[in-house]
Amino acid sequence: MSKKVESKPLAQNKKASHDYFIEDTYEAGIVLTGTEIKSLRNGRANMSDAFATIRNGEAFVNNMHISPFEQGNRHNPTDPTRARKLLLHKSQIMKLLGLTKQEGYTLVPLKIYTRNGYAKLLIGLGRGKKNYDKRETSAKRDAERQIQRALREKQKY
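As a starting point, this report considers the structure included with it. Computed from a prediction, not measured in an experiment: that's the story for all the values here.

## Some points on the side chain of R84
Tracing the backbone shows R84 in strand β7 (residues 84-87). A relative accessible area of 0% places R84 in the buried class. Excluding its chain neighbours within four sequence positions, the residues that come into contact with R84 are I30, V31, L32, E36, A59, F60, V61, M64, I66 and D79.

See the structure below:
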(Lines give C-alpha, C1' and ligand atoms only; values in the text may rest on other atoms or scores of the structure.)
Protein backbone atom coordinates (compact mmCIF):
# COMPACT_ATOMS: atom_id res chain seq x y z
CA MET A 1 0.00 0.00 0.00
CA SER A 2 1.70 3.18 -1.18
CA LYS A 3 1.28 6.43 0.66
CA LYS A 4 0.16 9.39 -1.47
CA VAL A 5 2.54 12.23 -0.74
CA GLU A 6 1.40 15.67 -1.89
CA SER A 7 3.70 18.66 -1.67
CA LYS A 8 2.91 22.35 -1.63
CA PRO A 9 1.86 23.85 -4.95
CA LEU A 10 4.73 24.61 -7.32
CA ALA A 11 2.59 27.21 -9.14
CA GLN A 12 -0.97 28.50 -8.68
CA ASN A 13 -3.43 30.38 -10.84
CA LYS A 14 -4.73 32.99 -8.42
CA LYS A 15 -6.79 34.74 -11.10
CA ALA A 16 -8.88 31.61 -11.68
CA SER A 17 -11.00 31.87 -8.54
CA HIS A 18 -11.50 35.58 -9.22
CA ASP A 19 -12.63 35.13 -12.83
CA TYR A 20 -14.50 31.79 -12.66
CA PHE A 21 -16.88 29.77 -10.53
CA ILE A 22 -14.99 26.46 -10.25
CA GLU A 23 -17.61 23.71 -10.32
CA ASP A 24 -15.51 20.54 -10.61
CA THR A 25 -11.80 19.68 -10.49
CA TYR A 26 -9.73 16.97 -12.16
CA GLU A 27 -6.16 15.86 -11.54
CA ALA A 28 -4.12 15.33 -14.70
CA GLY A 29 -0.56 14.29 -15.31
CA ILE A 30 1.45 16.64 -17.50
CA VAL A 31 3.98 15.68 -20.18
CA LEU A 32 7.20 17.63 -19.65
CA THR A 33 10.39 17.48 -21.71
CA GLY A 34 14.02 17.94 -20.81
CA THR A 35 14.65 19.96 -17.68
CA GLU A 36 11.16 21.49 -17.28
CA ILE A 37 10.55 19.59 -14.04
CA LYS A 38 13.66 21.19 -12.53
CA SER A 39 12.37 24.64 -13.44
CA LEU A 40 9.00 23.76 -11.92
CA ARG A 41 10.59 22.62 -8.68
CA ASN A 42 12.47 25.95 -8.54
CA GLY A 43 9.12 27.74 -8.81
CA ARG A 44 9.82 29.17 -12.27
CA ALA A 45 6.30 28.74 -13.69
CA ASN A 46 3.53 31.22 -14.43
CA MET A 47 -0.07 30.13 -14.96
CA SER A 48 -1.90 33.46 -15.03
CA ASP A 49 -2.88 33.32 -18.73
CA ALA A 50 -3.05 29.53 -19.06
CA PHE A 51 -6.04 27.66 -20.42
CA ALA A 52 -6.80 24.05 -21.30
CA THR A 53 -8.27 22.72 -24.54
CA ILE A 54 -9.32 19.38 -25.98
CA ARG A 55 -8.19 18.61 -29.55
CA ASN A 56 -8.50 15.30 -31.39
CA GLY A 57 -9.47 13.44 -28.21
CA GLU A 58 -6.42 14.72 -26.28
CA ALA A 59 -6.22 17.42 -23.61
CA PHE A 60 -3.61 20.18 -23.76
CA VAL A 61 -2.67 23.12 -21.56
CA ASN A 62 -1.70 26.28 -23.47
CA ASN A 63 0.09 29.51 -22.51
CA MET A 64 1.56 28.05 -19.29
CA HIS A 65 5.00 29.62 -19.01
CA ILE A 66 7.80 27.41 -17.64
CA SER A 67 11.13 29.24 -17.79
CA PRO A 68 14.09 27.33 -19.25
CA PHE A 69 16.40 25.81 -16.64
CA GLU A 70 19.59 27.90 -16.28
CA GLN A 71 21.96 24.94 -15.95
CA GLY A 72 20.10 23.08 -18.70
CA ASN A 73 21.55 21.06 -21.54
CA ARG A 74 20.68 20.83 -25.23
CA HIS A 75 17.40 19.06 -24.38
CA ASN A 76 16.07 22.27 -22.85
CA PRO A 77 12.82 23.23 -24.58
CA THR A 78 13.13 26.43 -26.60
CA ASP A 79 9.51 27.62 -26.34
CA PRO A 80 8.50 28.28 -22.70
CA THR A 81 4.78 28.65 -23.52
CA ARG A 82 4.35 25.61 -25.79
CA ALA A 83 1.23 23.44 -25.57
CA ARG A 84 1.78 20.58 -23.12
CA LYS A 85 -0.20 17.36 -23.24
CA LEU A 86 -2.33 16.40 -20.24
CA LEU A 87 -2.67 12.78 -19.19
CA LEU A 88 -6.31 11.94 -18.48
CA HIS A 89 -8.46 8.86 -18.93
CA LYS A 90 -10.43 8.74 -22.18
CA SER A 91 -13.72 8.78 -20.25
CA GLN A 92 -12.65 11.93 -18.39
CA ILE A 93 -11.70 13.63 -21.66
CA MET A 94 -15.06 12.77 -23.25
CA LYS A 95 -16.93 14.03 -20.16
CA LEU A 96 -14.94 17.29 -20.16
CA LEU A 97 -15.51 17.71 -23.88
CA GLY A 98 -19.27 17.43 -23.39
CA LEU A 99 -19.26 19.84 -20.45
CA THR A 100 -17.15 22.49 -22.19
CA LYS A 101 -19.49 22.48 -25.21
CA GLN A 102 -22.08 24.13 -22.96
CA GLU A 103 -22.30 27.90 -23.07
CA GLY A 104 -19.96 29.71 -20.65
CA TYR A 105 -17.89 26.73 -19.48
CA THR A 106 -14.14 26.40 -19.90
CA LEU A 107 -11.21 24.37 -18.56
CA VAL A 108 -9.00 26.39 -16.23
CA PRO A 109 -5.63 25.21 -14.85
CA LEU A 110 -5.64 25.83 -11.10
CA LYS A 111 -2.30 24.62 -9.71
CA ILE A 112 0.72 22.43 -10.36
CA TYR A 113 2.11 20.17 -7.66
CA THR A 114 4.09 16.96 -7.36
CA ARG A 115 2.65 13.68 -6.20
CA ASN A 116 4.96 10.69 -5.75
CA GLY A 117 7.61 12.45 -7.83
CA TYR A 118 5.33 13.19 -10.79
CA ALA A 119 4.09 16.64 -11.81
CA LYS A 120 0.31 16.92 -11.61
CA LEU A 121 -1.94 19.71 -12.87
CA LEU A 122 -5.26 20.40 -11.18
CA ILE A 123 -7.72 21.62 -13.80
CA GLY A 124 -11.15 22.96 -12.99
CA LEU A 125 -14.35 23.23 -14.95
CA GLY A 126 -15.07 26.93 -14.67
CA ARG A 127 -18.05 29.10 -15.51
CA GLY A 128 -17.20 32.74 -16.15
CA LYS A 129 -18.14 35.36 -13.57
CA LYS A 130 -19.81 38.62 -14.44
CA ASN A 131 -18.52 41.88 -12.97
CA TYR A 132 -21.24 42.01 -10.32
CA ASP A 133 -20.32 38.46 -9.25
CA LYS A 134 -16.68 39.52 -8.82
CA ARG A 135 -17.70 42.51 -6.70
CA GLU A 136 -19.96 40.31 -4.57
CA THR A 137 -17.18 37.79 -4.01
CA SER A 138 -14.68 40.46 -2.97
CA ALA A 139 -17.26 42.05 -0.61
CA LYS A 140 -17.85 38.66 1.07
CA ARG A 141 -14.11 38.13 1.42
CA ASP A 142 -13.66 41.58 2.97
CA ALA A 143 -16.52 40.97 5.41
CA GLU A 144 -14.99 37.63 6.46
CA ARG A 145 -11.64 39.34 6.99
CA GLN A 146 -13.23 42.02 9.20
CA ILE A 147 -15.06 39.38 11.26
CA GLN A 148 -11.83 37.42 11.80
CA ARG A 149 -9.98 40.61 12.74
CA ALA A 150 -12.69 41.52 15.27
CA LEU A 151 -12.60 38.04 16.79
CA ARG A 152 -8.81 38.21 17.16
CA GLU A 153 -9.07 41.61 18.84
CA LYS A 154 -11.72 40.27 21.22
CA GLN A 155 -9.55 37.28 22.15
CA LYS A 156 -6.63 39.55 23.07
CA TYR A 157 -8.67 41.14 25.90
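## Here's the deal with the nonpolar core
As a rule of thumb, soluble globular proteins bury nonpolar side chains together. Formed by 26 residues in total, the largest nonpolar core has its most connected members in M64 and L86. At the level of elements, β2 (20-30), β4 (51-55), β5 (58-62), α3 (90-100), β8 (105-115) and β9 (118-128) are the ones that each hand at least two residues to this core. Residue contributions to this core peak at four residues, all from β9. Leave out the neighbours within four places in its chain, and M64 touches I30, N46, M47, A50, P80, T81, R84 and I112. Formed by five residues, the second largest nonpolar core is a distinct cluster that contains V108, L110, Y113 and L122.

## Overview of unusual backbone geometry
Positive phi, close to 50°, is recorded for N56, a residue that is not glycine. Looking at N56, the relative accessible area reads 82%, which means it is exposed. One non-glycine residue, N63, adopts positive backbone phi at about 65°. The residue N63 is located in the loop between β5 and β6 (65-66) in this model. On the basis of relative accessibility, which here comes to 39%, the residue N63 falls in the partly exposed class.

## Describing the pattern of salt bridges
Under the counting rule described, the total for this entry stands at nine salt bridges. Among the ionic pairs, K140 bridges to E136, the shortest N-O distance being 3.7 Å. Here K140 and its partner E136 are both found in helix α4 (residues 131-156), four residues apart, which amounts to about one turn of the helix. The shortest N-O distance in the salt bridge between D142 and R145 comes to 3.3 Å. You can see D142 and its partner R145 sitting in helix α4, three residues apart, about one turn around the helix. Residue D142 is classed as partly exposed on the basis of its relative accessible area, which comes to 37%. The class for R145 is partly exposed, based on a relative accessible area of 43%. Taken together, the shared-partner salt bridges connect E36, R82 and R84 into one network.

Thresholds, definitions, all that
Residues numbered from 1 in each chain as written. Predicted model: local features only at pLDDT ≥ 70, side-chain atom pairs only at ≥ 80, totals over all residues. Heavy atoms only, no water. Helix = DSSP H or I, 4+ residues; strand = E, 2+ residues; numbered from the N terminus. Buried < 20%, exposed > 50% of the residue type's maximum accessible area, 1.4 Å probe, protein only. Contact = heavy atoms within 4.5 Å. Core = buried A, V, L, I, M, F, W, Y, C linked by side-chain atoms within 4.5 Å. Salt bridge = Lys/Arg side-chain N within 4 Å of Asp/Glu carboxyl O.

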